[in-house]
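These are the residues of each chain, in order.
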Amino acid sequence: MTDSIVLGLDGATWEILNKLIKKDSLPNLKKVQSDGWTGDLESTFPPITAPAWLSMATGQNPGKTGVFYFLNRDVPDSFEFKPLGSDKFQGRCFWDVLAAHDQSVGIFNYPMLYPPYETDGFMVSGLGSEADDTITYPESLGGELDEVTDGYQVKVPYADPKYQGRPNVLERDLLDIIEKREQAIEYLLTEKDPDHFFGIISATDWAQHYFWRYYDDEHAMYEPSAGHEDALQRIWERVDETVGLVAEHAQKENANLLLVSDHGFGPVNRTFHSNVWLEQQGFSSPAEQSVVDQTRTKYFPYLRQVGEAVVRFVPQLNDFAKSVGKSIRSSPGDGIDFDQSVAFAPRQNLTCGMIYMLSEDPEDKQAVIDELNALVRREDGPESIDVYEPEDLYHGPKTDLAPDLLFKIDGFECAVDPRPATENNLFSDGSPSEARSGGHNQEGIFVATGPDIGTGDNVTATIYDIAPTVLCLHGTSIPEEMDGNVLGDLFEPGVSNDQEIETDSLENLTRSIRSPKREDNQEVQERLEDLGYI
């Protein structure tokens, strides 16, 4: 069985890629696409980095992983939210199955996979960690990556105020980190030579969040500005060079190559302020507040706007501004009177709506659902709203950890912002911030090519299908806990057989290695704020 390479292009969307392919701007992606199978990859709901990449690695839906956002609870009815860490990955991922079958694995820049844990091969943590942490297994690999890349870098905090109004600076920094990613990938593939490699390029997600309003002339915040309309194209052209390098290595090693994204992307043209709505409807009551709490809820939106404007012109004040923000930072449930409220929306998610019920009366829950659905009848309301209960979306023993209600507005083109608003309007034009004019949706990309892969298009796959498909390509049994299916129609005749797709339990297929739980809750929240996720 040949080796395999999976390259994750965070947030990749055919909406952009197909346009650039037709312009011959992405020759390497075009060749990989024409040589294999291509299609859509449906993400999790919500289509957010943390649950999506974990579900891709485990082949399990959030009702089994218990992860619905970056911050999650461990106990039903608890409102203590903790960040995702590697303890949710370890022993459950397809690379653990491969390692238990004496196949070496290389995992690179995987979001929220921190701290890294022992495996047969190497592991490099991605989003949610910092370069000055121990982000590699073995630990010595960190020094090697620093040397290869002239200082390894985990992220570019695109939502940081220092980038507001300075798209040229952000584009430069994104191109720099893509260069470092490519240098690291090339080193790891050639010098470490794992049987299986899974690497992720995250800059594509950050670029699309920030630059969408420059690229999309129909966006509510469209801002034609000399040179920036083509920023996304230049970034994708640089990523295409990395795709070419990886594809060349795959061909040389006779390896199967998969290109995947954790979710898709699209415009964010409006914003719905969920906690303002909950208060206006009488479902949520504000708590009595100290002076500090009043600053958090009433004045912080203004401070954020003023701070961004000041830092835009005086970047040297950025660290000071962030320290002020840290001193008044709130937790997801601050400002809510839990005894007097029926429901609340935690201040952490900007992609879709998440509501937790504080009342156990089913009539109260139905009232919230009815009033959400009634939004489409407002004169300033959305064109569509889709409201879900957890059982509509998930199955598994951890479904009860999910929010009690989840909803999307106008197919994710309307963001849902639970943070305090400067005005009491339910809807506002544009995105929650200048840095998030593009947002996530569920239609990601899938491309597969290689000696075991045929050719075709219009593949319809889910994010849960990647793990069992990779295991099948390696001739390894599929854990029965996985929800996805083997994409056997993609294979050349004779590649898969009944023995290869037999199922077994994870307990039988993996070895137990304890990975420490992350304890840096506050630091993770700060990092997610820098990236505009909370």
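Residues numbered from 1 in each chain as written. Predicted model: local features only at pLDDT ≥ 70, side-chain atom pairs only at ≥ 80, totals over all residues. Heavy atoms only, no water.

**Observations regarding the environment of Phe108**
As a reminder, the rule being used: The secondary structure listing takes helices from DSSP runs of H or I that are at least 4 residues long and strands from runs of E that are at least 2 residues long, numbered from the N terminus. Throughout, a contact is declared for two residues whenever any of their heavy atoms are within 4.5 Å.
Examined against the element boundaries, Phe108 turns out to sit in strand E5 (residues 105–110). Remark: the alpha-carbon pair of Phe108 and Val124, spanning 16 residues in sequence, is separated by 4.7 Å. Beyond its immediate sequence surroundings of up to four residues, Phe108 is in contact with Val124, Tyr152, Arg181, Ala184, Ile185, Leu188, Phe197, Phe198, Gly199 and Ile200.

**Here we look at the sheet that holds strand E2 (residues 37–42)**
Formally: Pairing between strands requires that DSSP locate at least two bridges from one strand to the other. Think of each axis as a best-fit line through the C-alpha atoms, taken over the contacting stretch in the case of a helix, with angles from 0 to 180 degrees between the N-to-C directions.
Strand order across the open sheet formed by nine strands is E7-E6-E5-E8-E1-E9-E19-E2-E20, with mixed pairing between neighbours. Taken across any chain shown, the strands that pair with only one partner, and hence form the sheet edges, are strand E7 (136–137) and strand E20 (456–462). Packing of helix H1 (residues 14–22) onto the sheet brings it into contact with E2 and strand E19 (443–449), and relative to E19 it is tilted by some 50 degrees. Of the strands in this sheet, strand E1 (4–9), E2, strand E8 (196–201), strand E9 (256–260), E19 and E20 touch helix H15 (residues 466–473), which is tilted by about 175 degrees from E9.

**Some words on unusual backbone geometry**
Excluding glycine, a negative phi dihedral is what most residues carry, and trans is how most peptide bonds are arranged. Look at the link from Phe45 to Pro46: it is a cis peptide, with omega at 0 degrees. Tracing the backbone shows Pro46 in the loop between E2 and helix H3 (49–58). That bond from Tyr137 to Pro138 is cis: its omega, -5 degrees, falls within 30 degrees of zero. Along the chain, Pro138 falls in the loop between E7 and helix H6 (141–149). A positive phi angle, close to 60 degrees, is found at Asn109, a residue other than glycine. You can see Asn109 is positioned in strand E5.

**Comments concerning the packing of aromatic side chains**
Put simply, the rule reads: Two rings belonging to Phe, Tyr or Trp (six-membered ring only in the last case) form a pair when the distance between their centres is within 6.5 Å. Interplanar angles under 30 degrees mark stacking, angles over 60 mark edge-to-face geometry, and anything in between is tilted.
Within the structure shown, the criterion is met by 30 aromatic pairs. On the basis of an interplanar angle of 90 degrees and a centroid distance of 6.0 Å, the ring pair of Phe79 and Tyr356 is categorised as edge-to-face. With Phe79 in the loop between strand E3 (71–72) and strand E4 (82–83) and Tyr356 in strand E13 (residues 353–357), the pair connects residues that are 277 residues apart, well separated along the chain. Grouping aromatic residues by their ring pairs yields a cluster made of Trp53, Phe89, Phe94, Trp95, Tyr110 and Phe198.

**Things to note about the nonpolar core**
Put simply, the rule is: Note on terminology: a nonpolar core comprises buried Ala, Val, Leu, Ile, Met, Phe, Trp, Tyr and Cys residues joined through side-chain atoms within 4.5 Å. Only protein chains enter the accessibility calculation, which uses a 1.4 Å probe; a residue whose area is less than 20% of its type maximum is buried, one above 50% is exposed, and one in between is partly exposed.
Counting 62 residues, the largest nonpolar core has Phe89, Trp95, Tyr110, Phe198, Val260 and Phe446 as its most contacted members. Ignoring any residue separated from it by four or fewer positions in sequence, one finds Trp95 in contact with Ala57, Phe89, Val105, Ile107, Tyr110, Leu113, Tyr117, Met123 and Phe198. Leu9, Leu145, Tyr158 and Tyr163 belong to the second largest nonpolar core, which has 60 residues in total.

**Concerning helix H2 (residues 27–35)**
What counts, and what does not: Comment: arc refers to directions from the helix axis out to C-beta atoms.
Turning to H2, its buried residues are Leu29, Val32 and Gln33. Buried positions in H2, seen along its axis, are confined to an arc of 100 degrees and lie on one side of it. Of the surrounding elements, those touching the buried residues of H2 are H1, E2, helix H9 (231–252), E9 and E19.

**Focus on the pattern of salt bridges**
What counts is decided by this rule: One speaks of a salt bridge when a side-chain nitrogen belonging to Lys or Arg is within 4 Å of a carboxyl oxygen belonging to Asp or Glu.
One pass over the full model with this rule turns up 17 salt bridges. A salt bridge links Lys192 to Glu144; the shortest N-O distance between them is 2.9 Å. Placement of Lys192 in helix H7 (residues 167–192) and of Glu144 in helix H6 is noted, with a sequence separation of 48 residues between them. Judged by relative accessible area, which is 34%, Lys192 ranks as partly exposed. Look at the salt bridges and you will find they share partners, linking Glu179, Glu182, Arg238 and Glu241 into a network.

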